[in-house]
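Summary of structural features
Residue strings, one per chain:
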Amino acid sequence: MKNRRRNRKVYAEHSYWQSYSDMMAALLLIFILLIAITLAIYRQKTNDLDRTRLDLSTAQSKLDATIADLELSKSELEKSNEELALSLAELQQAYEQAALTQEELNNAYLEIENAKQELTTTKQELQDIVGIRTDIIGALQSAFSNSTMKVDAQTGSITFSSDVLFRYNSASLTAESKETLQNIIPKYLDVLLQDQFRDYIAEIIIEGHTDTDGGYQSNMELSYERANAVADFCLDERNGLSETEITQLQKLLTVNGKSWSNPVYQKDSAGNPTKEVDMSASRRVEIKFRLKEDEMIKKIAGILAQE
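Our subject in this report is the structure included herewith. (Residues numbered from 1 in each chain as written. Predicted model: local features only at pLDDT ≥ 70, side-chain atom pairs only at ≥ 80, totals over all residues. Heavy atoms only, no water.)

For Asn169, which is not a glycine, the phi torsion comes out positive at approximately 60°. Among the secondary structure elements, Asn169 is positioned in the loop between helix H3 (162-165) and helix H4 (175-192). Judged by relative accessible area, Asn169 falls into the exposed class, the value being 57%. The backbone of Ser259 sits at a positive phi, close to 55°, despite the residue not being glycine. In this fold, Ser259 is placed in the loop between strand S3 (253-257) and strand S4 (265-267). For Ser259, a relative accessible area of 0% puts it in the buried group. (Helix = DSSP H or I, 4+ residues; strand = E, 2+ residues; numbered from the N terminus. Buried < 20%, exposed > 50% of the residue type's maximum accessible area, 1.4 Å probe, protein only.)

Dropping the structure here:
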């Protein structure tokens with residue numbers, strides 16, 4: 001009986017330590033499991049961290065490349081802005097120049113329009129005197145129809161032989177020549193200075209000419225002096241012109257000496273000029289006129305040249 005109780009007691013104590021050992025083994029196992037799990041988690045976290053670092057490194061590279069691209073784009077943008085500013089400046093300059101050109105073009109159009117108006121006016125004036133030369137020449141030919149003095153059918157001029165008016169190498173009118181001039185000059189100038197024609201006359205010209213004998217300068221002086229002697233005769237009211245006609249003539253009269261610059265040549269049997277100078281015919285004094293239509297023609301030519 002006592003042995004049974006003792007054995008039960010011993011057995012009971014042995015069972016308690018066994019449970020404690022099992023518990024400690026279990027705790028140790030749990031601790032080992034925790035360490036294993038912690039190591040696994042640590043390894044996982046380390047791998048994740050390495051992967052994150054790799055991703056960050058890749059992202060940093062991409063970010064650096066992006067920043068480089070942005071810097072390049074910024075540089076290109078600044079360059080584009082400079083080019084744009086330059087283009088705007090050129091555009092502004094071109095606009096200003098275009099505005100100036102348009103103004104110049106408008107001025108040119110205005111000048112052309114003014115020239116056209118002036119041309120129209122001048123043409124109208126010219127039309128008003130078309131045929132007046134023919135009328136004057138016709139009137140002169142009628143006035144001299146019974147005279148030995150011939151009126152040039154093309155120019156309306158009359159010609160005096162210097163041999164008739166002057167002695168050799170002289171510029172003084174002879175008494176006989178004065179009588180001739182008194183019969184001819186007033187008749188010629190009366191036609192040019194009458195109201196019907198006077199306003200169309202631009203100039204009445206007295207020209208002296210010599211032959212080719214002698215020097216040009218000396219003949220120039222002689223030809224001018226002879227023409228001037230005829231002009232003095234015309235302006236002397238004792239020789240046929242009225243005071244009013246003399247006043248009118250003074251506004252129109254021009255005296256020229258031509259020396260031997262325009263000689264008269266001999267003609268052959270067929271009436272064609274030869275190379276031989278007609279010395280007698282070359283010594284002459286011509287009286288002719290110039291119409292205002294000549295000035296108008298020059299004026300029109302000038303306007304057309306400007307256009």
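Residues spaced three or four apart along an α-helix point in a common direction, a consequence of the helix completing one turn every 3.6 residues. With twelve residues, helix H2 (residues 132-143) should cover 16 Å at 1.5 Å per step; its first-to-last C-alpha distance of 16 Å lies within 8% of that length. Along H2, the residues classified as buried are Ile132, Ile136, Ile137 and Leu140. Each buried residue of H2 sits inside an arc of 135° when the element is viewed along its axis, so together they form one side. Counted as exposed and oriented over 90 degrees from the buried face of H2: Thr134 and Ser142. Elements in contact with the buried residues of H2: H4, helix H5 (195-198), strand S2 (201-209) and strand S6 (284-291). (Expected span 1.5 Å × (residues − 1). Arc of directions from axis to C-beta. Contact = heavy atoms within 4.5 Å.)

What follows deals with the nonpolar core. With 40 residues, the main nonpolar core has Leu189 and Ile204 as its most contacted residues. Mapped onto this core, the elements with two or more residues apiece are H2, strand S1 (158-161), H4, S2, helix H6 (216-234), helix H7 (243-252), S3 and S6. The contacts of Leu189, once residues within four sequence positions are left out, are Ile204, Cys234, Leu241 and Leu249. (Core = buried A, V, L, I, M, F, W, Y, C linked by side-chain atoms within 4.5 Å.)

Tallying each qualifying case throughout the model produces two aromatic pairs. Ring geometry for Phe144 against Tyr188: centres 6.4 Å apart, planes inclined by 50°, an arrangement best described as tilted. Here Tyr188 lies in helix H4 and Phe144 lies in the loop between H2 and S1, a separation of 44 residues in the sequence. By relative accessible area, which is 4% here, Phe144 ends up buried. Assessed through its relative accessible area of 0%, Tyr188 is described here as buried. Relative to Trp260, the ring of Tyr216 lies with its centre 5.1 Å away and its plane at 85°, an arrangement referred to as edge-to-face. With Tyr216 in helix H6 and Trp260 in the loop between S3 and S4, the pair connects residues that are 44 residues apart, well separated along the chain. (Phe/Tyr/Trp six-rings, centres within 6.5 Å; stacked < 30°, edge-to-face > 60°.)

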